[in-house]
Amino acid sequence: MIKGCILPWMHLYGDVKGQYNLCCHISDLDNSIGTYKEPISSIFNNEKYKKIRTQMLSGDVPKRCKKACYDIEDLGGESNRQQVNKRFVKFAKLQDHTNEDGSVLNHPIYLDIRFGNKCNFKCRICGPYASSAWFKDSHKISQFNNTSKQLEDYYTDSPDFWKYLDKIKKSVKYFYFAGGEPLLMDGHYKLLEWFIDNNKTDIELTYNTNLSTLTYKNYDVFELWKHFDNISLWPSVDGYKSHCQYSRTNFNWNIFETNLLKVKKYVNTVSCTTSIYSILTTPELIAHMKSLYISTYLSVLDTPYHLDMRLLPKNIKNHINKKFDLLIKKVPFNLIELDNITKTLDYLNKDIEDKDILLKKFKLYNEEVDHLNNTSFVKIYSELAEWYEKI
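This structure is a prediction, so every number in the text was calculated from the model and none was measured. (Residues numbered from 1 in each chain as written. Predicted model: local features only at pLDDT ≥ 70, side-chain atom pairs only at ≥ 80, totals over all residues. Heavy atoms only, no water.)

Draft legend 1. Fine view of the overall build of the chain. Looking only at helices and strands, the chain features 14 helices and 13 strands. Split into buried and exposed, the 391 residues of the chain put 58% on the buried side. When contacts within the chain are restricted to residue pairs at least 6 apart in sequence, long-range pairs at least 24 apart make up 74% of them. When the accessible area of the chain is evaluated, it comes to approximately 18000 Å², of which 50% is carbon and sulfur surface. (Helix = DSSP H or I, 4+ residues; strand = E, 2+ residues; numbered from the N terminus. Buried < 20%, exposed > 50% of the residue type's maximum accessible area, 1.4 Å probe, protein only. Contact = heavy atoms within 4.5 Å. Areas by Shrake-Rupley, 256 points an atom, 1.4 Å probe, with all protein chains shown as cover.)

Structure representation (structure tokens):
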């Protein structure tokens, strides 16, 4: 049985700002485990990593993990910790070989290295720290006033990273690409070619991609993918049609679906982040994907808190629950899918602290983005108009 989370024993995550942490769900940028200024080879067994391992083995919950996963679990949702513990249960024995000081002898098995914040979408649940598309207009959004607005990439041209990758290549079995938008990143293509040149095509590649484009410079991603044994795409789509287009500026449903069908043989599931913006039409999204014989995985939005779907009023939550009840009666689901839906609804139906404060923050932010985009929340979400106007 895995104690705590398996990731500290097998995973190394480097974010778009060149900071290392246990996983991408930890949003505490002021409490990183290391930075690009340190040798990457020193991170996996540094003092912070070792302390976290000993904490988990003794049954303690590290503070950074509580907010990212355990709080979501306590509210009935499914956390990243639960997902990875199921996915990587075969590596549970790694915990048995932990030294007394928390160090381990093995190298990382699973890498998530972000080759920058280059992206062509301005998603409302995102910002300029992770999307270059936000740079031009972010000064018009008050909550982004103190956010960095520059293209960042700390790994593509880092000799230290490539030297370390060569050192641990026999150990690495999984690589996760996300962004920004990975299919628009030079580092992504450089790494695919590196894997091919170094006979490492048995590695499992997973992607979170917006599928807005399948072409980049002179690269042919399909030709590159042919070399690999195991590729899984988790295309991101938050809500159905107009709701997704509203919350993800530059998203086009027709382009998404066209590209989805082109890459369908690589698609594991589509990935929907449930928030104020997406949850109302998530049942329609799931039903449509089922008609294409594609599953949908629901992830609860962890931050920002002012876009949390628990902020929705009780009558709307009841409406959403009824839509899911009807969906479950009409569409066949396996046990994993049903469990995912159930946990998402359990989370939705819970209360949230500081509700009035968060609602005011939501409306201020949303009005600013609406003004910027020349869009209207109440026109897209007509069933929420009365509630929205009273905030």
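Resuming the write-up.
Draft legend 2. Local environment of the pairing of strand E1 (residues 11–14). Of the two faces of E1, the one lined by His11 and Tyr13 and the one lined by Leu12 and Gly14 are each fully buried. Where E1 lies against strand E4 (residues 110–113), four bridges are found, and the strand directions are parallel. Each bridged residue has a counterpart across the sheet, and for Gly14 the counterpart in E4 is Ile113. Sheet topology places E1 next to strand E2 (residues 19–21); two bridges connect them, and they run antiparallel. Each residue of the ladder has a partner; that of Gly14, found in E2, is Tyr20. Here E1 folds back onto E2 in antiparallel fashion, the turn holding four residues, of which Gly18 has a positive phi close to 80°. (Pairing = 2+ DSSP bridges.)

Draft legend 3. Structural view of the packing of helix H10 (residues 314–330) against helix H11 (residues 335–348). In contact at an axis separation of 11 Å, H10 and H11 are set at 170° when each is read in the N-to-C sense. Here H10 lies roughly antiparallel to H11, going by the angle between them. Residues Lys317, Ile320, Asn321, Phe324 and Ile328 of H10 pack against Leu338, Ile341, Leu345 and Leu348 of H11. Residues that form the contact of H10 with H11 fall into these classes: seven nonpolar, one polar and one charged. (Axes fitted to C-alpha atoms, helices over the stretch in contact; angles between N-to-C directions. Parallel < 35°, antiparallel > 145°, perpendicular 65-115°, else oblique. Nonpolar A, V, L, I, M, F, W, Y, C, P; charged D, E, K, R; others polar.)

Draft legend 4. Examining the environment of Lys48 more closely. Its location among the elements puts Lys48 in helix H1 (residues 47–57). When the C-alpha atoms of Lys48 and Ser299 are compared, they prove to be 28 Å apart, with 251 residues separating the residues in sequence. The residues contacting Lys48, other than those within four sequence positions of it, are Asn31, Ser32 and Ile33.

Draft legend 5. Structural detail: the nonpolar core. Of all hydrophobic cores here, the largest spans 125 residues; its most connected members are Phe175, Leu205 and Trp225. Element by element, the count of residues in this core is highest for helix H5 (residues 186–197), at six residues. Ignoring any residue separated from it by four or fewer positions in sequence, one finds Trp225 in contact with Leu183, Leu192, Tyr207, Ile231, Leu233, Val263 and Tyr266. (Core = buried A, V, L, I, M, F, W, Y, C linked by side-chain atoms within 4.5 Å.)

Draft legend 6. Focus on the sheet that holds E4. Overall, mixed pairing links the seven strands, which are arranged E3-E2-E1-E4-E6-E7-E10 in an open sheet. The outermost strands of the open sheet, each flanked by one partner alone, are strand E3 (34–35) and strand E10 (230–233).

Draft legend 7. Representation of the environment of Thr375. Here Thr375 is to be found in the loop between helix H12 (355–373) and helix H13 (377–380). The spacing of Thr375 and Ser212 is 163 residues in sequence and 21 Å in space, taken between C-alpha atoms. Those residues in contact with Thr375, other than ones at most four positions away along the chain, are Arg124, Tyr246, Val369 and Asp370. Among the polar contacts listed, one links the side chain of Thr375 to the side chain of Arg124, at a separation of 3.0 Å. (Polar contact = N/O pair within 3.5 Å; in protein donor to acceptor, adjacent residues only side chain to side chain.)

Draft legend 8. Empty space enclosed by the protein, seen in detail. All chains considered together, the criterion is met by four cavities of 30 Å³ or more. Each pocket or cavity is described by its volume, and for the largest cavity that value is around 90 Å³. Taken together, Cys5, Leu7, Leu22, Cys23, Ile26, Met56, Cys65, Ala68, Cys69, Tyr70, Asn80 and Arg81 make up the full set of residues lining the largest cavity. Listing elements by their share of the lining of the largest cavity, those giving two or more residues are helix H2 (63–74) and helix H3 (80–87). A per-element tally of the lining of the largest cavity places H2 first, with four residues. Looking at the lining of the largest cavity residue by residue, the classes come out as 10 nonpolar, one polar and one charged. Reported here for the second largest cavity is a volume of approximately 60 Å³. Every residue along the wall of the second largest cavity is listed here: His25, Ala68, Ile72, Glu78, Ser79, Asn80, Gln83, Ser299, Val300 and Asp302. Grouping the amino acids of the lining of the second largest cavity by side-chain chemistry returns three nonpolar, five polar and two charged. (1 Å grid on protein atoms, 1.4 Å probe; cavity = no way out; pocket = protein on both sides within 12 Å on 5 of 7 lines; lining within 4 Å. Points joined across faces, edges and corners; volume = space filled by probe spheres on them.)

Draft legend 9. How the structure looks around helix H4 (residues 159–168). Buried residues of H4: Phe161, Trp162, Tyr164, Leu165 and Ile168, and no others. Relative to the axis of H4, the buried residues are bounded by an arc of 160° and lie together on one face. More than 90 degrees from the buried face of H4, the exposed residues found are Pro159, Lys163 and Lys167. Looking at the buried residues of H4, the elements they touch are E1, E4 and H5. (Arc of directions from axis to C-beta.)

Draft legend 10. Just the layout of surface pockets, in detail. By volume, the second largest pocket amounts to about 390 Å³. Lining the second largest pocket are 16 residues, with Asp71, Leu75, Tyr305, Arg310 and Ile352 positioned closest to its centre. With four residues, the single largest contributor to the lining of the second largest pocket is H2. Broken down by class, the residue content of the lining of the second largest pocket amounts to seven nonpolar, no polar and nine charged.

Any functional reading would require information beyond the geometric quantities listed.
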